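The residues making up each chain are set out below.
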Amino acid sequence: MKRIVLLLTATTLLLTDCKNDNSQIQAESLLEEANTNYERGAYDEALRTIDSLRQVYPNAIETRRKALKLYQDVELKKAQEELAIADSLLQLVQHDLNYQQEKVDRDKAALRATPEELTMLTRTRMKRDSLRTQCEVLGGKIRYIHKKQKEVKQP
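The shown structure was predicted, so the numbers you read here are calculated from the model rather than taken from an experiment. (Residues numbered from 1 in each chain as written. Predicted model: local features only at pLDDT ≥ 70, side-chain atom pairs only at ≥ 80, totals over all residues. Heavy atoms only, no water.)

**Q** How would you summarise the nonpolar core if you had to cite specific residues and measurements?
**A** Grouped together as the largest cluster of nonpolar side chains are 14 residues, with contacts concentrated most on Leu31, Ile50, Leu53, Tyr57, Ala67, Leu70 and Val74. Contributions of two or more residues to this core are made by helix H1 (2-39), helix H2 (43-56) and helix H3 (61-109). With five residues, the top contributor of residues to this core is H2. Filtering out sequence-adjacent residues up to four positions away, alanine 67 remains in contact with Leu31, Ile50 and Leu53. (Core = buried A, V, L, I, M, F, W, Y, C linked by side-chain atoms within 4.5 Å. Buried < 20%, exposed > 50% of the residue type's maximum accessible area, 1.4 Å probe, protein only. Helix = DSSP H or I, 4+ residues; strand = E, 2+ residues; numbered from the N terminus. Contact = heavy atoms within 4.5 Å.)

As structure tokens, then:
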């Protein structure tokens, strides 16, 4: 009887160990796929793959640690690219706003300002303010990611 129990226990442990090795290999495979997506610039796909890895393989601790670092890198790169685009748009809108403001000021002085001009000026200001807010949020996100990356490096 003791031999049967020992044999069953050993078999269970062996099967569990094989299952863990197989799941570890599959988790590493998902991490590699996420890394490939990151390298080719498919940031959203890389994030989805990392999320899948976290959900499907919760016990692959070492792989999940690597995935966390990659997740931070992906989010950082994505935020940096979004910030660059938003900043470029902000500069264009600010230039347009300056031009419109000068024109409206001249028209007001000559008593020729139209409601359409004033409305356009207000909408351009709103667009500028929205882009400023977006830049500030992205800048905050980037600072936060840098802070978290420093925390991970320092034990």
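**Q** Help me get a handle on the packing of H3 against helix H4 (residues 115-153), residues and values and all.
**A** One can describe the packing of H3 onto H4 by two numbers: an axis separation of 8 Å at closest approach and a directional angle of 155°. Classified by the angle between their axes, H3 and H4 sit roughly antiparallel to one another. Regarding H3 and H4, the two cross each other, and that crossing is left-handed. Residue composition of the contact of H3 with H4, grouped by class: 18 nonpolar, nine polar and 15 charged. (Axes fitted to C-alpha atoms, helices over the stretch in contact; angles between N-to-C directions. Parallel < 35°, antiparallel > 145°, perpendicular 65-115°, else oblique. Left-handed = near helix turned anticlockwise from the far one by under 90°. Nonpolar A, V, L, I, M, F, W, Y, C, P; charged D, E, K, R; others polar.)

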